Amino acid sequence: MIRLVIRDVEGGEASFPVTGEVVIGRSRECQIRFEDPSVSRRHARVFLDYGEAVIEDLGSPNGTLVNRQRVASPLRLKTGDSIQIGTEKIRVIETSPLEDFAASTEVHMRAPESRSIEASDQERKTARDDTLPFDRKLDSAAPALTPTPSATAAPGGNLKWIVVGGAAILLVVIAWLVLTQ
């Protein structure tokens, strides 16, 4: 799965999966929102085209750069590309379906009785943070990442469900073999 990774000045990272269309800008309707005045309300969008991530500048006056080159027309992204929008930099990475599955189930694998209710709620929120859009506040000395709920459900992700389904079937078969012997 293609992900967009943004690092703040404190070294924290936020990661956003590209499962449909991801609009980047200052508007509250954007899935990734920056408050940088050099970023347009709807600055750029990243979307999937036959499973490959593509970036398109949405007519922003300051432009969108990929690997220091201005994006003039829709451009296919690849792992390792660096996107610059205003003063913000975004890395393009690719994760395997297994890594995505492990990240989404990490909290559920822990024993809940060893945690307080507040800790469990915080862990669940932290585990979901990498899939939620955020607002970056630039009015403080160190920008903070604040996740906000997505306005739309993300389409796609079929490969993820195929891997999850295959793993579930494999577990059932192994359990059946063990119990029938």
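To be clear, the structure that these remarks concern was listed above.
Draft legend 1. Quick peek at the side chain of Arg33. Secondary-structure assignment places Arg33 in strand S4 (residues 32-34). Judged by relative accessible area, which is 6%, Arg33 ranks as buried. Here the side chain of Arg33 touches Arg26 through a polar contact of 3.1 Å, landing on its backbone oxygen. At a separation of 2.7 Å, a polar atom in the side chain of Arg33 contacts the side chain of Glu35.

Draft legend 2. Spatial organisation of the pattern of salt bridges. Tallying each qualifying case throughout the model produces eight salt bridges. Here Glu21 makes a salt bridge to Arg45, at a shortest N to O gap of 2.5 Å. With a gap of 24 residues between them, Glu21 in strand S3 (residues 21-25) and Arg45 in strand S5 (residues 44-49) connect regions that are remote in the sequence. Its relative accessible area of 41% is what places Glu21 among the partly exposed residues. Arg45 serves as the salt-bridge partner of Glu56, at 2.7 Å between the closest nitrogen and oxygen. Of this pair, Glu56 sits in strand S6 (residues 52-57) while Arg45 sits in strand S5, and the two are 11 residues apart along the sequence.

Thresholds, definitions, all that
Along each chain, numbering runs from 1 in the same order as the chain's sequence is written. Restriction of local features to residues with pLDDT of at least 70 applies here, the model being predicted, together with a cutoff of 80 or more for giving and counting side-chain atom pairs; totals for whole chains, interfaces and linings are based on all residues. Neither water nor hydrogens contribute to the side-chain values; these are computed over all heavy atoms in the structure. In this text, helices come from DSSP runs of H or I with a minimum length of four residues, and strands from runs of E with a minimum of two, each type numbered from the N-terminal end. We call a residue buried when its accessible area falls under 20% of the maximum for its residue type, exposed when it is over 50%, and partly exposed in between, using a 1.4 Å probe and counting protein chains only. Here a polar contact is recorded for every N or O atom pair within 3.5 Å, except that within protein the pair must consist of a potential hydrogen donor and a potential acceptor, and residues adjacent in sequence are included only if both atoms are side-chain atoms. Between Lys or Arg on one side and Asp or Glu on the other, a salt bridge is scored when a side-chain nitrogen of the former is within 4 Å of a carboxyl oxygen of the latter.

These figures capture arrangement, not role.
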